Amino acid sequence: MSQQQEIALDSGQPNAGRPLADRMRPGRLTDYVGQTHILGPDKPLARALAAGRIHSMILWGPPGTGKTTLARLLAAAVDIRFVQISAVMAGVKDIRAAVAEAREAREANGQGTLLFVDEVHRFNKAQQDGLLPYVEDGTLVLVGATTENPSFEVNNALLSRTRTYVLRALDQAAIRELIDRALADERDGLGGQGLSMSDDLRDQLAARADGDARRALNLLELAADIAAGRDSGAAEISQSDLDEVLREGLRRFDKGGDYFYDQMSALHKSVRGTDPDAALYWLSRMLEAGCDPRYVARRVTRMASEDIGNADPRALRIALDAWETYERLGTPEGELAIAQATVYMACAPKSNAVYAGFNAAWRDARERGTLEVPMHIRNAPTKLMKDLGYAEGYRYAHNEDDGYAAGDSYLPEELVGTRYYTPVQRGLEIKIGDKLARLRERDAHASADRRATRSHPDAKTGADD
């Protein structure tokens, strides 16, 4: 990396009053922690920086993964202006002002401008569209940051003109490195306060930060303030100090965004994959983070029909009982019933035969038009209907051998022979499948007999010519 790319960023603000997380922002890309999957050697972003240029992009990732810091460092690395706006506060007027300044800078000294839009998903369609011409003509290099899935929150037109980079939550080792830096740094960090913290407590804080660098440093600063307020002069952050700032659960969970649906998907697929341990873990993750247990109970009930079905029909009743138990007992007692039902679902034999059959039948009902009800199974409450042939030839199944009218069909004529439900060879559906196979064999024999009778009408009576 060239000397120019190593230029340190300086906000020009004194440290007093600035949060530790802001003071500890790295000034050079070489000090940036994490995201090696996009900044490592031979990665597209690293190659662009090595060539001294940068392209427009969307940085998508959870809070505290370094989106703002990375945008600042990218601007410094290629020596262009850095302008930051927040989509929560800004509007079209602010965009126009940024564009005007960018044009002026380019005309005056040929310097480009990186416009960093924090929470870009908060811009409406018109505001996002307003950025397009300036991204296309190179007036601005746009770097948008978002915690929401750009596929749903950013216009396709803007997505097609930018590259999306996914930033990952920092691992525990990376968070620990940032904590160590903050405790050692005497200029911007806590190193000048004579503050100490044991390795064990640093590891605890790194683990509980849950991949969020900003959260880790904010919690560290709070713990340091508590320790400093307790002792005069040199101080040590104690276990009780750390416990004080770690009282609340810190798991990432957004009750409606990607984390919510990703974790719900993980729970559902763990049940489907017959992994009770994983199912319990994801259930606990969601409940511990504040997910409404009623929502989980509803989804578990869906699993009983979608993924277990008639392989174990008891699963549906167990799921409904767990749901009702929660409604009666509330938290935390009722959550145990949901956990019990979840484990049962995970261990039960699996079948999506009803789910697949229902989807196929629904598709035919939607796409095949209004197919006529066969005459023999139509309702015939009046003499006119009977005279028209309604219900003619209907065989009452209870009067047939084994309660089954072999050879009869109940589908519209165009769908006769269609099979929507195909039981799997698991659980109770083994027996269901065996029964259906026997009945269909009787249907085949009955159909063969009818064909033979139609071809040789006297064969059945044995009449002489």
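Just so it is clear, the structure is predicted and the values come from calculations on it, not from any experiment.

### What about the packing of helix 15 (residues 293-308) against helix 16 (residues 314-329)?
Right, so step 1: Here helix 15 crosses helix 16 at 175°, and the two axes come no closer than 8 Å. Judged on the interaxial angle alone, helix 16 and helix 15 are roughly antiparallel. Residue-level inspection shows Pro293, Arg294, Ala297, Arg298, Val300, Thr301, Ala304, Ser305 and Ile308 of helix 15 in contact with helix 16, the latter providing Ala315, Leu316, Ala319, Leu320, Trp323, Tyr326 and Glu327.
Right, so step 2: Looking at the contact of helix 15 with helix 16 residue by residue, the class counts come to 11 nonpolar, two polar and three charged.

### Quick look at the pattern of salt bridges
Opposite charge on two side chains permits them to pair, given that their charged atoms come into close proximity.
Right, so step 1: Using the criterion set out here, one finds 28 salt bridges in the structure.
Right, so step 2: In this structure, Arg176 engages Asp199 in a salt bridge whose closest nitrogen and oxygen atoms are separated by 2.9 Å. Of the two residues, Arg176 is situated in helix 9 (residues 172-184) and Asp199 in helix 10 (residues 199-208); the sequence distance between them amounts to 23 residues.
Right, so step 3: What makes Arg176 buried here is its relative accessible area of 16%.
Right, so step 4: For Asp180, the salt bridge identified is with Arg202, shortest N-O distance 2.8 Å. One end of the pair, Asp180, is in helix 9; the other, Arg202, is in helix 10, with 22 residues separating them in the sequence.
Right, so step 5: Using a relative accessible area of 26% as the deciding quantity, one classes Asp180 as partly exposed.
Right, so step 6: It is possible to trace a salt-bridge network through shared partners that takes in Arg176, Asp180, Asp199, Arg202 and Asp203.

The rules behind these values
Residues numbered from 1 in each chain as written. Predicted model: local features only at pLDDT ≥ 70, side-chain atom pairs only at ≥ 80, totals over all residues. Heavy atoms only, no water. Axes fitted to C-alpha atoms, helices over the stretch in contact; angles between N-to-C directions. Helix = DSSP H or I, 4+ residues; strand = E, 2+ residues; numbered from the N terminus. Parallel < 35°, antiparallel > 145°, perpendicular 65-115°, else oblique. Contact = heavy atoms within 4.5 Å. Nonpolar A, V, L, I, M, F, W, Y, C, P; charged D, E, K, R; others polar. Salt bridge = Lys/Arg side-chain N within 4 Å of Asp/Glu carboxyl O. Buried < 20%, exposed > 50% of the residue type's maximum accessible area, 1.4 Å probe, protein only.

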